[in-house]
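So you can see what is in the structure, the chains are spelled out below.
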Amino acid sequence: MDLLERWIIMGKGQFLMKEKLIERLNKKTAVIGIIGLGYVGLPLTIRYTEIGYKVLGIDIDQSKVNNLMQGNSIIKDISAEKIQNALEHGFEATTDFSRLVEADALILCIPTPLNKYREPDLSYVVDTTDAMLPYLREGQIVSLESTTYPGTTEEELLPRIESTDLKVGEDIFLVYSPEREDPGNTLFTTRTIPKVLGGITPACLEVGRAMYGHAIDQLVEVSSTKVAEMTKLLENIHRAVNIGLINELKIVSDRMGIDIHEVIRAASTKPFGFVPYYPGPGLGGHCIPIDPFYLTWKAREYNVHTRFIELAGEVNASMPRWVIGKVMDALNDCGKSLNSCKVLILGIAYKRDVDDMRESPSVALMELLEEKGAIVEYTDPYVPFFPKMRDHWFDLTSVNLTPEIIASYDILLLVTDHTTFDYEMIQQNAQLIVDTRGVYQDSENNVIKA
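No experiment lies behind these values; they were computed from the predicted model shown. (Residues numbered from 1 in each chain as written. Predicted model: local features only at pLDDT ≥ 70, side-chain atom pairs only at ≥ 80, totals over all residues. Heavy atoms only, no water.)

It is not clear to me how the packing of aromatic side chains should be interpreted in this structure. Could you clarify?
To describe a pair of aromatic rings, you give the distance between the ring centres and the angle between the ring planes. For the structure on display, the rule yields six aromatic pairs. For the pair Y149 and W297, a centre-to-centre distance of 5.1 Å together with 45 degrees between the ring planes defines the contact as tilted. Of this pair, Y149 sits in the loop between β5 (140-144) and α6 (152-162) while W297 sits in helix α10 (residues 291-301), placing them 148 residues apart in sequence. Residue classification places W297 among the partly exposed residues on the basis of a relative accessible area of 29%. Among the aromatic residues, those joined into a cluster by ring pairs are Y149, Y294 and W297. (Phe/Tyr/Trp six-rings, centres within 6.5 Å; stacked < 30°, edge-to-face > 60°. Helix = DSSP H or I, 4+ residues; strand = E, 2+ residues; numbered from the N terminus. Buried < 20%, exposed > 50% of the residue type's maximum accessible area, 1.4 Å probe, protein only.)

Encoded structure:
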């Protein structure tokens, strides 16, 4: 057999590898492996089981796995009924990475936080990829969904996968498709949110299309994984920069005696050329406070200083201290000091009507208040006890709101504007309220806007 014949046979084998995987994905006989069963991985799991795929979920948290296998939900937006239905239709959760060899598709939904120096921490992605390597085989597709800097898929995942002697684009396939989950948003679902998809090679993109095409209504295919990675960063940097702008305008308006929320409401009546953004006590969530720093860090490799992004980050990061200043001013006007005052935080989730505490500005506010000697407690209908977090923890449980309890606090700090709060009852019984969300549109004697 000459070299040309060998090349033809090898080419046919590689072609068949791709076609067989696509066929399994199209026929829904492929097993979908989802690594990380949190706010991204679990909705994706539910979606794939709904349309007929068997899903193998992998998570390092044994208690989470146990809860899911018992049919319990671990996320407010996902009902126990949906978990139970998924179990009945082939979903299984485990901590055993060796089971990954059973999966045809491996979707990584792994955290990408920042370290203490505000630099990207890819340890979760890298460690998870390394843990997968012994169980990779021909005829699989690997997809990274974690938000990260442009180049991560090529620079971190590609060489690790190919260190197993599997050739990406021929034996195994690699794509990047950033998550676009929005906890608490009932207008959009995993199925209806358009999904960006980039592949290492055209063959990878083709397999990725087959994997996501049945689960998602609209795929937005781009020319590379780098483009897909940058797309996700643009989406969140756009929001972070505009929130930084409106937070700065809030401070200016406050000095001028102007209600920034009234300004936003008036400006929003313009039917073109204006998009409303809203100020707050600081950025929260798994994306907006973190993602811009992934790009600023990577940009330094190209000798570029992202001044605009970093300035917005500085403004947003300064908001908790500005809010504490407003709390101190409100107490001073009543002849009180923050030291030894009883402060009740209204809402500690990072945004309205969710149970998600990731990067919540409430944590920074609670720490600043304690530093200044305040007695801090909180109430949140979706967070019954303060969760164990990487760098923060308070030994607190949620306070039940009654008129008597509300009146017992020197000041209430409204951080998260859950719709379940009885704002009229709160205002009627509170001594003082500092409102960081513009809930109380009309200024009252006991409401200070911050």
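Which parts of the structure should I look at to understand the environment of K270?
Residue placement: K270 occurs in the loop between α9 (260-267) and α10. Between the alpha carbons of K270 and I345 there is a distance of 35 Å; along the sequence they are 75 residues apart.

What is the right way to read the packing of helix α8 (residues 225-256) against α10 from this model?
The description of two helices packed together rests on the angle between their axes and the distance between the axes. Orientation of α8 relative to α10, taken along the N-to-C sense of each, is 115 degrees, at an axis distance of 8 Å. As α8 packs across α10, the resulting crossing turns out to be left-handed. For the pair formed by α8 and α10, the contact residues are M230, K232, L233, N236, I237 and A240 on the first element and D291, P292, Y294 and L295 on the second. (Axes fitted to C-alpha atoms, helices over the stretch in contact; angles between N-to-C directions. Left-handed = near helix turned anticlockwise from the far one by under 90°. Contact = heavy atoms within 4.5 Å.)

Can you help me understand the sheet that holds strand β11 (residues 411-414) in this one?
The five strands are arranged β10-β9-β11-β12-β13 in an open sheet whose pairing can be described as parallel. Single-partner strands in this sheet number two, and they are β10 (375-379) and β13 (447-449). In this sheet, adjacent strand axes meet at a mean angle of 25 degrees when their direction is disregarded. Note: strand β9 (residues 342-346) against β11, four bridges, orientation parallel. By the bridge assignment for β11, L346 is matched with L414. Where helix α11 (residues 307-333) meets the sheet, its contacts fall on β11, β12 (433-435) and β13, and the angle it forms with β11 comes to roughly 155 degrees. (Pairing = 2+ DSSP bridges.)

Where do I start with the pairing of β5 in this structure?
Along any regular strand the residues' side chains alternate between the sheet's two faces. Of all the five residues making up β5, five are buried; the element is thus mostly covered by neighbouring parts of the structure. Going residue by residue along β5, you find Q140, V142 and L144 tucked away on one face and I141 and S143 tucked away on the opposite face as well. Two elements, strand β4 (residues 105-108) and β5, share four bridges in a ladder whose sense is parallel. Within β5, the position partnered with L106 by the bridge is V142. Viewed along the sheet, the connection from β4 through helix α5 (residues 123-132) into β5 turns out right-handed. In terms of strand pairing, β5 meets strand β6 (residues 172-176) through five bridges, oriented parallel. For S143, the partnering residue across the bridge sits in β6 and is V175. Crossover connection from β5 via α6 to parallel β6: handedness right-handed. (Right-handed = clockwise from strand over helix to strand, strands pointing away.)

I would appreciate a short explanation of the nonpolar core in the present structure.
Most often, soluble globular proteins have nonpolar side chains that are buried together. Grouped together as the largest cluster of nonpolar side chains are 67 residues, with contacts concentrated most on Y48 and V142. With seven residues, the single largest contributor to this core is helix α7 (residues 202-213). Beyond its immediate chain neighbours, meaning those up to four positions away, Y48 contacts I32, I34, Y53, V55, I107, M211, Y212 and A215. Listed in part, the 33 residues of the second largest apolar core include I348, A349, M357 and L369. (Core = buried A, V, L, I, M, F, W, Y, C linked by side-chain atoms within 4.5 Å.)

Sorry if this is basic, but what is going on with the state of the cysteines here?
This model, assessed by the stated rule, comprises zero disulfides. No disulfide involves C109; its sulfur sits 12 Å from that of C287, the nearest cysteine. Just so you know, C204 is unpaired, no disulfide at all, and the nearest cysteine sulfur is the one on C109, 18 Å from it. A relative accessible area of 0% means that C204 is categorised as buried. (Disulfide = S-S within 2.5 Å.)

Mind showing me how you'd approach the pairing of strand β7 (residues 195-199) here?
With five of five residues buried, β7 is to be regarded as a mostly interior element. Burial along β7 is two-sided: the face carrying K195, L197 and G199 and the face carrying V196 and G198 are both buried. The pairing of β7 with strand β8 (residues 219-221) spans three bridges and is classified as parallel. Paired with L197 across the strands is E221, a residue of β8. In this region the chain leaves β7, passes through α7 and returns to the parallel neighbour β8; the handedness of that crossover is right-handed.

Where do I start with helix α2 (residues 41-50) in this structure?
Since the α-helix turns once every 3.6 residues, residues separated by three or four places project in the same direction. Counting buried residues along α2, nine of its ten residues qualify, which places the element largely inside the surrounding structure. Once α2 ends, the next one or two residues include G52, with phi positive near 105 degrees.

Help me understand the pattern of salt bridges in this model?
Oppositely charged side chains can form a pair if their charged atoms are brought close together. Counting across every chain of the model gives 26 salt bridges. Two residues, D77 and K76, come together in a salt bridge whose shortest N-O distance is 3.7 Å. D77 gets classed as partly exposed once you look at its relative accessible area, which sits at 41%. K76 sits in the partly exposed class, given a relative accessible area of 36%. In this structure, E235 engages R180 in a salt bridge whose closest nitrogen and oxygen atoms are separated by 2.4 Å. In this pair, E235 sits in helix α8 while R180 sits in the loop between β6 and β7, placing the two residues 55 residues apart along the sequence. For E235, a relative accessible area of 24% gives the class partly exposed. (Salt bridge = Lys/Arg side-chain N within 4 Å of Asp/Glu carboxyl O.)

None of this, on its own, says anything about what the molecule does.
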